[in-house]
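Results of the structural survey
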Amino acid sequence: MKIGGVPINGPHEEILVLPRGDSQIVIRARAVLDLDSFDAICPEPKPPGKLTKDGFIPNKEDESYQQAIARHNEKRIAYLVIRSLEPSNIEWDTVDMANPKTWTNYMNDFRNAGFSSVEINRIVATVMAANALDESKLEQARKVFLRGQAQARNESSGQRIEQPTTLSGEPARDSASDPQV
């Protein structure tokens, strides 16, 4: 697929390079295009409620439901993080993509590997940047686009100024309304 002549070659990717002595750890975070597979594995909890003459009335204020929603949201974020980091080829110690109960272990795996809290926060921020479109990214894209437009105008072989209007004689006759023709 192309848009305006620009090929679209897959999801957005962010790269984070963390120094480790004489080497670097390269973290690649790729945007997750949809969460359909998450929703299939971990459907959103349903609130309890009561059946009345008007039908079922859910109780979204129920404490156990609120806790279940919080756990579900934690799993959603964990899934997003570990799926986004797949291009990094991380060999997790306790995270197993096939087991949703292990997904939230990614923070512990990072800590146990020797990453500091600041480094872990940078990794998660890189994942969020790969999966978000904020105003600063849009502004940067606009600047690059407009710079390209200005450069294309400057490289044009056409006239850079508008030609003034000049009369070279009488206007031509309109043959449809002029009986002399």
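Residues numbered from 1 in each chain as written. Predicted model: local features only at pLDDT ≥ 70, side-chain atom pairs only at ≥ 80, totals over all residues. Heavy atoms only, no water.

**What to know about the nonpolar core**
Formed by 21 residues in total, the largest nonpolar core has its most connected members in Leu 85, Trp 103, Tyr 106, Phe 110 and Ile 123. For this core, the secondary structure elements donating two or more residues are β3 (13–20), β4 (23–30), α2 (63–84), α3 (106–112) and α4 (117–130). If you tally residues by element for this core, the top one is α4, at 5 residues. Discounting chain neighbours no more than four positions away, the residues touching Phe 110 are Leu 85, Ile 90, Trp 92, Phe 115, Ile 120 and Ile 123. (Core = buried A, V, L, I, M, F, W, Y, C linked by side-chain atoms within 4.5 Å. Buried < 20%, exposed > 50% of the residue type's maximum accessible area, 1.4 Å probe, protein only. Helix = DSSP H or I, 4+ residues; strand = E, 2+ residues; numbered from the N terminus. Contact = heavy atoms within 4.5 Å.)

**Concerning the side chain of Ser 88**
Examined against the element boundaries, Ser 88 turns out to sit in the loop between α2 and α3. For Ser 88, a relative accessible area of 16% corresponds to the buried category. Apart from residues no more than four positions distant in its own chain, Ser 88 is found in contact with Val 26, Ile 27 and Arg 28.

**Remarks on the side chain of Ser 84**
Along the chain, Ser 84 falls in helix α2. Ignoring sequence-local partners within four residues, the contact set of Ser 84 consists of Arg 28, Ala 29, Arg 30, Val 32, Val 127 and Asn 131.

**Quick word on the pairing of β4**
As paired strands, β3 and β4 are joined by 8 bridges and run antiparallel to one another. Counterpart to Glu 14 in the pairing with β4 is Ala 29. Between the antiparallel neighbours β3 and β4 lie 2 residues, among them Gly 21 with a positive phi of about 65°. (Pairing = 2+ DSSP bridges.)

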